[in-house]
Amino acid sequence: MGNKQTTFTDEQLEAFQDCTFFTRKEILRLHGRYRELAPHLVPLDYTNGPDIRVPLALIVTMPELKENPFRDRIVETFSEDGEGNQSFNDFVDMFSVLCEASPRELKTIYAFKIYDYNRDNFICKEDLHQTLVKLTKGELSAEEVSLVCDKVIEEADLDGDAKLSFSDFENMISKAPDFLSNFHIRI
Amino acid sequence: SDEESMSEGEMEALKEEVEEKKKLIATLRTKPWRMKRRLVHLKEAQEFVERFEGALGKGKGRKWYAYKVMMTKKLIKFKRDFENFKTACIPWERKIKEVESHFGSSVASYFIFLRWMYGLNLVLFGFMFGLVMLPEILMGLPYGSIARKTVPRAEQDTAMDFSVLFDFNGYCKYSFIFYGYYNNDRMVGVLKFRLPLSYLLVGVGIFGYSLMVVVRTMARNSNEGGEGAEEGEFTFSWKMFTSWDYLIGNPETADNKYASITTSFKESIVDEQENQKDENIHLRRFLRVLANFMILCSLGGSGFLIYYVVKRSQDFAEMDNKELSWLEKNEVEFVMSLLGLVCPPLFETIAELEDYHPRIALKWQLGRIFALFLGNLYTFLFALFDEVNAKLEKEKVIKNETIWALNEYYANYSSFHNTTDIPPPNVHPADVVRGPCWETGVGIEFVKLIVSDMQVTYLTILIGDFARAVIVRFLNYCWCWDLEAGFPSYGEFDISGNVLGLVFNQGMIWMGAFYAPGLVGLNVLRLLTSMYYQCWAVMSCNVPHERVFKASRSNNFYMGLLLLVLFLSLLPVVYTIMTLPPSFDCGPFSGQEKMYDVVMETIENDLPAFIGNIFTYATNPGLIMPAVLLMILALYYLNTTSKGYQQANLDLKRKMQMARDEEKNRRNNKDSTNQVMKDLEALLPDRSLAPPPEEEEEPPPEVVVEKVAKSPKTKKKKGEKGEVDLQKEVSLAAENPKGPVTRAPGSRGAPAGNAKGTQPGKERSRGGASK
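Chain B goes by Transmembrane channel-like protein in an unreviewed UniProt entry, where it is assigned to Periophthalmus magnuspinnatus. The record held by UniProt for chain B lists under Sequence similarities (unreviewed entry) the comment "Belongs to the TMC family." Recorded in UniProt under Subcellular location (unreviewed entry), the annotation for chain B is "Membrane".

Student: Provide a residue-level description of the overall build of chain B, including the pertinent values.
Tutor: Per the secondary structure count, chain B includes 24 helices and two strands. Counting contacts in chain B only where the partners sit at least 6 residues apart, residues at least 24 apart contribute 75% of the total. For chain B, the exposed surface amounts to about 45700 Å²; the carbon and sulfur share of it is 62%.

Student: With reference to specific residues and values, describe the overall build of chain A.
Tutor: Helices and strands together make up the secondary structure of chain A, namely ten helices and zero strands. Ordered by position from the N terminus, the helices and strands of chain A form the series α-α-α-α-α-α-α-α-α-α. Along the three orthogonal principal directions, the C-alpha set of chain A runs to about 60 × 30 × 25 Å. Expressed as a percentage of the 187 residues in chain A, the buried residues total 57%. Within chain A, contacts between residues at least 6 apart in sequence are counted, and of these 55% link residues at least 24 apart. Summing over all exposed atoms, chain A offers an accessible surface of approximately 7500 Å²; the carbon and sulfur share of this is 51%. Charged side chains in chain A number 21 positive and 35 negative. The centres of these two groups are separated by 6 Å.

Student: Account for the pattern of salt bridges, naming residues and giving values.
Tutor: This structure, assessed with the given rule, holds 33 salt bridges over all chains. Taking the shortest distance from any N to any O, the salt bridge between glutamate 64 of chain A and arginine 33 of chain A comes out at 3.0 Å. Taken together, the residues glutamate 64 of chain A in the loop between helix 3 (56-59) and helix 4 (71-77) and arginine 33 of chain A in helix 2 (residues 24-37) connect sequence positions 31 residues apart. A relative accessible area of 7% places glutamate 64 of chain A in the buried class. Among the ionic pairs, glutamate 93 of chain B bridges to arginine 186 of chain A, the shortest N-O distance being 3.1 Å. Of the two residues, glutamate 93 of chain B is situated in helix 4 (residues 93-103) and arginine 186 of chain A in the segment after helix 10 (179-182); the pairing between them involves two chains. Taking the relative accessible area as the measure of exposure, glutamate 93 of chain B reaches 27% and is therefore partly exposed. Residues joined by salt bridges that share partners form a network here, namely Glu100 and Arg186 of chain A together with Glu93, Glu100 and Arg115 of chain B.

Student: Go over the state of the cysteines with me, naming the residues and quoting the values.
Tutor: Residues and elements named next belong to chain B. Using the criterion set out here, one finds one disulfide over all chains in the structure. Cysteine 535 takes part in no disulfide bond, and the closest cysteine sulfur, belonging to cysteine 541, lies 12 Å away. Taking the relative accessible area as the measure of exposure, cysteine 535 reaches 4% and is therefore buried. Taking the relative accessible area as the measure of exposure, cysteine 541 reaches 3% and is therefore buried.

Student: Talk me through a negative patch on the surface; I want residue IDs and the actual numbers.
Tutor: Judged by side-chain charge, Glu8, Glu12, Glu16, Glu17 and Glu20 of chain B come together as a negatively charged surface patch. Inspection of the secondary structure assignment puts glutamate 17 of chain B in helix 1 (residues 8-27).

Student: Can you explain unusual backbone geometry? Please cite residues and give values.
Tutor: In this structure, alanine 162 of chain A takes a positive phi of about 65° despite not being glycine. Even without being a glycine, cysteine 437 of chain B presents a positive backbone phi close to 50°.

Student: Describe the domain arrangement of chain B, with residues and values.
Tutor: The parts lose accessible area when they come together, and the size of an interface is often stated as this lost area. Once the domains are mapped, chain B shows domain 1 (8-89), domain 2 (93-227 + 240-588) and domain 3 (620-674). Once you take the C-alpha centre of each, domain 2 of chain B and domain 3 of chain B turn out to be 41 Å apart.

Student: Lay out the interface of chain B and chain A in plain terms, naming residues and giving numbers.
Tutor: Listed by partner, the interface residues are 67 residues for chain B and 78 residues for chain A. Taken together, both faces of the contact between chain B and chain A bury some 6500 Å²; the carbon and sulfur share is 58%. Interface area lost by chain B to chain A is led by Met240, Phe241 and Tyr246 of chain B, which between them contribute 14%. The tally of links from chain B across to chain A stands at eight salt bridges. For the salt bridge of arginine 38 of chain B with aspartate 93 of chain A, the shortest nitrogen-to-oxygen distance reads 3.1 Å. Our enumeration of links across chain B and chain A arrives at 23 residue pairs in polar contact (both at pLDDT 80 or more). For the side of chain B that touches chain A, the elements supplying multiple residues, two or more each, are helix 2 (35-56), helix 3 (62-89), helix 4, helix 5 (105-139), helix 8 (235-242), helix 9 (251-273) and helix 20 (621-667) of chain B. Counting residues per element, the side of chain B that touches chain A draws most heavily on helix 9 of chain B, which supplies eleven residues. Class assignment of the residues belonging to the side of chain B that touches chain A gives a composition of 26 nonpolar, 16 polar and 25 charged.

Student: Please provide a residue-by-residue account of the nonpolar core, values included.
Tutor: Among the nonpolar cores identified, the biggest contains 102 residues, and Phe111, Phe380 and Phe514 of chain B are the most heavily contacted of them. Residues within four places of phenylalanine 514 of chain B in sequence aside, it is in contact with Tyr179, Tyr199, Leu200, Gly203, Val573, Ile577, Phe589 and Met595 of chain B. In terms of nonpolar packing, the next biggest core, distinct from the first, is built from 78 residues, Ile74, Tyr110 and Val148 of chain A together with Ala254 of chain B among them.

Criteria and cut-off values
Residues numbered from 1 in each chain as written. Chains lettered and ligands numbered in written order. Predicted model: local features only at pLDDT ≥ 70, side-chain atom pairs only at ≥ 80, totals over all residues. Heavy atoms only, no water. UniProt positions renumbered as here; feature names shortened; annotations may be inferred. Helix = DSSP H or I, 4+ residues; strand = E, 2+ residues; numbered from the N terminus. Contact = heavy atoms within 4.5 Å. Areas by Shrake-Rupley, 256 points an atom, 1.4 Å probe, with all protein chains shown as cover. Buried < 20%, exposed > 50% of the residue type's maximum accessible area, 1.4 Å probe, protein only. Lys, Arg positive; Asp, Glu negative; His and termini not counted. Charge placed at Lys NZ, Arg CZ, Asp CG, Glu CD. Salt bridge = Lys/Arg side-chain N within 4 Å of Asp/Glu carboxyl O. Disulfide = S-S within 2.5 Å. Patch = residues over 30% accessible without salt bridge, like charges linked within 9 Å, V, L, I, M, F, W, Y side chains within 5 Å. Domains from an automatic or database assignment. Buried area = accessible area lost by both parts, 1.4 Å probe. Polar contact = N/O pair within 3.5 Å; in protein donor to acceptor, adjacent residues only side chain to side chain. Nonpolar A, V, L, I, M, F, W, Y, C, P; charged D, E, K, R; others polar. Core = buried A, V, L, I, M, F, W, Y, C linked by side-chain atoms within 4.5 Å.

Dropping the structure here:
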């Protein structure tokens, strides 16, 4: 099985396989990708679990994330400190949730977190505003943006509080045909 | 520490906890926790399980329990290793990722489908090769030993020519690729392998396996949800949250995507604000009917053309091979592939008349291409059947001739040498008179069809995409208008056309595999080269789509098509197995009356007697009819229950929607929009029509006290409002009074004429008064 690697102990690899959707080989490959972001920072030997964090600015240079308008939010959501500095655990977690085998419910939860810019557990009009501007690169006029945000709240808000709670979001996303195929990063 | 003295109850509780911990470990990866938390919980749970599984192992039955635990652990480890192995074996991950990052998920879905097909064909090839071809090659008679395995004397001098081989005649025809090569010995080799039985079972088993795999994939896809919303219910929400394709990694594609998302938003905004334009419905209808008529004509025309060409090829077959040009020899396949190439763009052009929304237009286009392919395939089959019947006639004649010649030989021999022990005629295999062997003929037709289809597809890509891209790129420097922006510009990858082509290709493989075992191997090669060739073509010659429209909400659309094609390809094969007699001198079923007789033979000779009895009973019509009836009843029952569930589902949805609307309206203090509620309100008595209440005898004091006590609560909210806040009133089943109650409830139905709800006492007193 090619047990020559010294990056992780076997228990660590087994633990990662239990906690993510990745196979052994993929986890090792992920570590390689993590390391090449900051080779001088990230050690090759992870057997004693060093507490190293790679900053946001380096992670968003990855080709998988570089073109994504929400890359900053994604990395922030999956970082423990909320600033985007990811340890290897966070890194693996991020790609595991966004992989193809990850179930719909899990992806919905994290999608909600990603689009919730102010982290108040509600997607309010401001959050929608920011999402839309990022998505259209500022090509829509202010009134068009406002109109779209109002329409979104009108469509998806069920309890009438002018913002989307998680259950509103979940109800809307569960019926979306493209969600699973689009909310997917292949690593 | 005192595990021995644990009671039964404690054991049970402990067992449950251990099971729970195990379940936690299994579902840990689906929990939305931080990785650190997951790792901590994992360690805890594993330690718990380790510790207490040992404890549970004590007491009675511990050896069995310990064994079970060990086996489960081994099984989990084995499954994990197998999963790792399977994932490592998946080919072309890098390639598909590259296509995804440049073109998005929709184009890549074609390549994922192609890869899936490749896997399926690989397994089918494994069956065919391992169970049919390999035994015949290794344990059967070699080439040249018997008549069916040898090139006839007449053809021998051209048998090695490239043109002959390319037509799958010559040495190709008399090889293990086709049906005719296989010998009909019941058992071959040292292992006593029953080849004819294996051939039949593999031929049918291919369909069974494909069906199982397709249905399993459909079931897995259907779990993805995405259903239950009406059209336009969440347009803006979905556009905002699900339109960005996270797979995109290429800057140009990203720019494209931004532009298309912006356009899509603008369109939706305009649709929101504008009313529907006034269209001329009649003109539109007329144009649509005209378009459909034209398309039907072209479909009919293509069917007729194929029939005509196949008939002509039968005439060509009578003539001498050398006098025919390449075009005449391959006319049928050429025409079919050409039609498959020319008609779809023709349909698209005609469809411009119809002016549908792009998604609906795509559906129509797919339906028409499907009809085209289906019609072509079945016309081809019918024409082929005519040919087969002609060959069967010829065969009868040759068979009679052969029997007659054999009898003559025996008669001559016995009259010459005067013995009864006559050795078989000593004829070289190449000189034996052969029957036409219709199965091999059919196999050859299918193989030629697949090959020409492949050639046309590759040529199309080369010319339609590559040459076009080269011309646009290099001629742009010296052309009057901008070739890249205007006509012809770079091509977009036609997802639906390619997927349909793949589906129908597979249909032809399923049909032809029974007559040409080598066809599946050929298809594997074809899919392999397709993958590399099309990946290269799409990356170098195509541009990403401007607007992407999916043909349907669910991924099961193309799987459903594949299933349909599977059934349609099953029909001809089953028909030939059941009704047509096999050739008398070629193939594994030669000498039998019908092909399935080998199964009967095996049951009689190889299996124990009682199984034969079971089969005789099972094929009794008296048993089959009730079985069929039972199945029909079961279908009907399942259909009714399913309809019932659907109805219950709809009712629940409606109830939930109603509850939500009520909540919303209550919050916003709006009147109820619920029609039922409105109707109920309209049914309440209209107080303005009632005369002013008169003073009557007072009802018993308790009632007064009660009513007075109740009213302040409800009245406080309304104050002077004379109207009923309907939701509250009706739901609380409150009293009727609409105004503030400051005195005891007066007479109900005070006027003599209004007899509603009067109490006997009042009646009496009133009766007294009015009298």
